[in-house]
Amino acid sequence: MTKRFQLLAAAVAVLALAACGGESGTTDSGAAAPAADAGNATLPNGVTVKQQIEVRQKSLKEMGAAMKTIGDQMKSGAPELDQIRPAVQTIKTHSTELPTWFPAGTGPESGVKTEALAKIWEDQPGFQAAAQRLADEAARLSDVATGEDLAAIGAQVAATGGACKNCHDQFRMKKE
Amino acid sequence: MDAEAGAKPQKVWDGPTRLFHWLIVGLVAFSWWTAEEHIFDWHKASGLTIAGLLVFRIYWGFAGPETARFAHFIKGPRAIFSYAGSLFGPTHKLAFGHNPLGGLSVAAMIVALVAQVTLGLFAADTDTGLDSGPLSRFVSYDFAEVAGDLHEDAFNILLILIAVHIAAILFYLVVKRANLIGPMITGRRSNGVTGPAEGLTRVPLWRFLLGAAIAAAVVWPLATM
């Protein structure tokens, strides 16, 4: 019985949250309107804020897809190193580029839709450390993946995934 | 109602249906908790168990005793509106099994659970790409990502249906003075009998065993994938 009441209370809370979400949605669009031009502003690296955010999202998706390719292979029962190695290289290359994807001005204040939190720019040392951790783990993964030791590769894939998650947990918008 | 209070308790819910119900209550709560706490291995085990229970329950909707059958409790709009209209009238009686409105609610919860489990099978965790459903590796990253997002969003629909279900039970308890929780535990009801006085007819054991075997045959390959 108590379980059912907890569920009910929580479901009501979810309904209430959904209502709050709707309200904040309207204020968001109101706040975004004056900043709409900021998306077309050109950054010191020559691309617009909007383009920079698009590149960042596309690249992060490529890293996610590469992680999925590796994870799928590891779980397939007969992992193919020929499939794993190119995906590892994608992650390694992107991991070194990652700090350049977040120039100042490409946060939520730009009005462009992004899940990047303002905390990235407020806590630069923390963000850089998280990015460095990924670069280190990805480099190690690249080293291990030159060999054939699937157990070692698997362990290093998990460590690399942990670095992804570490940064997401701190610097990416949570789902409501 | 008083005249019937002394009647022999009438059996309305069979054992497998009650067991299904309470296992779903526990496992949905457990799945929710393990999702929030990111305990993925247990979340997956819980989801696959729910998948097996759903396979069994759908089979039981055709092979089980009367009150468990879809044909018994899934009614057309006319019956549903007619029941809703008579709810406060003098002719209102407790249904033998699900009433037309309750049947609609149960069907909706089963559909929502099937959708939830199916999305989970294909979902991929976009944090690490590692904690993913057993069928996720057969679909693209984009597909798995969408399935994962919907798996998270659609849970709210399930919670709303559960809230409606509990609110209806409280309504019957407080307003109609009818305890629907007891019968779902004991299987028996002693007042306001409608339907056959002798209650449910027994279903042969082999039908239950066949359903359990079908459920296991569907889920086992997914669990070992």
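Residues numbered from 1 in each chain as written. Chains lettered and ligands numbered in written order. Predicted model: local features only at pLDDT ≥ 70, side-chain atom pairs only at ≥ 80, totals over all residues.

### Things to note about the overall build of chain A
As a reminder, the rule being used: In this description a helix means any DSSP run of H or I spanning at least four residues, a strand means any run of E spanning at least two, and both kinds are numbered starting from the N terminus. Working definition of a contact: two residues with C-beta atoms, positioned from the backbone, lying within 7 Å.
Looking only at helices and strands, one finds six helices and zero strands in chain A. Going from N to C terminus, chain A has its helices and strands arranged as α-α-α-α-α-α. Long-range pairs, those at least 24 residues apart, make up 67% of the contacts in chain A with a sequence separation of at least 6.

### Looking at the overall build of chain B
Test applied: Three classes are used. A residue is buried when 20 or more other C-beta atoms lie within 10 Å of its own, exposed when 12 or fewer do, and partly exposed in between, with C-beta atoms placed from the backbone.
A count of helices and strands for chain B gives eight helices and two strands. Taken from N to C terminus, the helices and strands of chain B fall in the order β-α-α-α-α-α-α-α-β-α. Seen through its principal axes, chain B has C-alpha atoms that stretch 65 × 35 × 30 Å. Here chain B holds 225 residues, and 31% of them are scored as buried.

### Notes on helix H5 (residues 100–122) of chain B
Residues and elements named next belong to chain B. Operational definition: What a helix is expected to span follows from its residue count: subtract one and scale by 1.5 Å.
Here H5 contains 23 residues, and its C-alpha end-to-end distance of 34 Å stays within 8% of the 33 Å for a straight helix at 1.5 Å per residue. Listing the buried residues of H5 in full gives Gly103, Val106, Leu113, Gln116, Val117, Leu119, Gly120, Leu121 and Phe122. Looking at the buried residues of H5, the elements they touch are helix H2 (40–63), helix H3 (70–73), helix H6 (141–174) and helix H8 (205–223).

### Quick word on unusual backbone geometry
Residues and elements named next belong to chain B. Look at His38: it is not a glycine, yet its phi comes out positive at around 55°. You can see His38 is positioned in the loop between helix H1 (15–36) and H2. Take His38: there are 12 C-beta atoms within 10 Å of it, and that puts it in the exposed class.

### Concerning H6 of chain B
Our working definition: By definition, a residue's bend is the angle between the axes fitted to the seven residues ending there and the seven starting there.
Its 34 residues place the ends of H6 of chain B 50 Å apart at the C-alpha level, agreeing with the 50 Å of an ideal helix rising 1.5 Å per residue. Along its length, H6 of chain B reaches its greatest deviation from straightness, about 25°, at Glu152 of chain B.

### Description of the confidence of the model for chain B
All names here are of chain B. Stated formally: A residue's pLDDT is simply how confident the predictor is in it, with values from 0 to 100.
Summarising the model, chain B shows a mean pLDDT of 91, and 95% of its residues fall at 70 or more. Here residues 1–6 scores under 50 on pLDDT; set against residues more than four positions off or in separate chains, the count is seven contacts. Across the interfaces of the predicted complex, the ipTM metric reaches 0.70, alongside a pTM of 0.81.

### Section: the packing of helix H4 (residues 77–86) of chain B against H5 of chain B
All names here are of chain B. Here is the rule we go by: Angles shown run from 0 to 180 degrees and are taken between the N-to-C directions of axes, each axis being a line fitted to C-alpha atoms and, for helices, limited to the stretch in contact. Should an angle lie under 35 degrees it is considered roughly parallel, over 145 roughly antiparallel, and from 65 to 115 roughly perpendicular; all remaining angles are considered oblique. Throughout, the ten residues Ala, Val, Leu, Ile, Met, Phe, Trp, Tyr, Cys and Pro are labelled nonpolar, Asp, Glu, Lys and Arg are labelled charged, and all others, Gly among them, are labelled polar.
In contact at an axis separation of 8 Å, H4 and H5 are set at 125° when each is read in the N-to-C sense. Judged on the interaxial angle alone, H5 and H4 are oblique. From H4, Ala79, Ile80, Tyr83 and Ala84 reach across to H5, where they touch Pro100, Leu101 and Leu104. By residue class, the composition of the contact of H4 with H5 is seven nonpolar, no polar and no charged.

### Topic: the packing of helix H2 (residues 49–75) of chain A against helix H3 (residues 81–97) of chain A
In helix packing, the relevant descriptors are the interaxial angle and the interaxial distance, both defined with respect to the helix axes. All names here are of chain A. Formally: Crossings are classed by handedness, with left-handed meaning an anticlockwise turn of the near helix from the far one by less than a right angle and right-handed meaning a clockwise turn.
Packing of H2 against H3 leaves a shortest axis separation of 9 Å and a crossing angle of 150°. Between H2 and H3, the interaxial angle falls into the category roughly antiparallel. Once H2 is placed against H3, the crossing between them reads as left-handed. On H3, the residues touching Ser59, Glu62, Met63, Ala66, Met67, Thr69, Ile70 and Gln73 of H2 are Gln83, Ile84, Ala87, Val88, Thr90, Ile91 and His94. Tallied by class, the residues present in the contact of H2 with H3 amount to eight nonpolar, six polar and one charged.

### Notes on the confidence of the model for chain A
All names here are of chain A. Scored by pLDDT, chain A comes out at a mean of 83, with 78% of its residues at no less than 70. Per-residue pLDDT, averaged within each element of chain A, yields its smallest value for helix H1 (residues 2–35) (44) and its largest for helix H5 (residues 124–145) (97). A low-confidence stretch, residues 12–35 (pLDDT under 50), is modelled with eleven contacts involving residues beyond four sequence positions or located in other chains.

### Focus: the environment of Tyr172 of chain B
Residues and elements named next belong to chain B. Mapping Tyr172 onto the fold places it in helix H6. A sequence separation of 105 residues divides Tyr172 from Thr67, and the C-alpha atoms of the two residues are 19 Å apart. Contacts of Tyr172, omitting those with residues within four sequence positions, involve Ala178 and Leu180.

### What to know about the environment of Trp206 of chain B
Topologically, Trp206 of chain B is positioned in helix H8. When the C-alpha positions of Trp206 of chain B and Pro183 of chain B are compared, they lie 25 Å apart, and in sequence the two are 23 residues distant.

### Observations regarding the environment of Thr67 of chain B
All names here are of chain B. Within the element layout of this structure, Thr67 appears in the loop between H2 and H3. Residues Thr67 and Val12, 55 residues apart in the sequence, show an inter-C-alpha distance of 6.8 Å. The residues touching Thr67, leaving out its near neighbours within four places in the chain, are Val12, Trp13, His72, Phe96, Gly97, His98 and Leu200.

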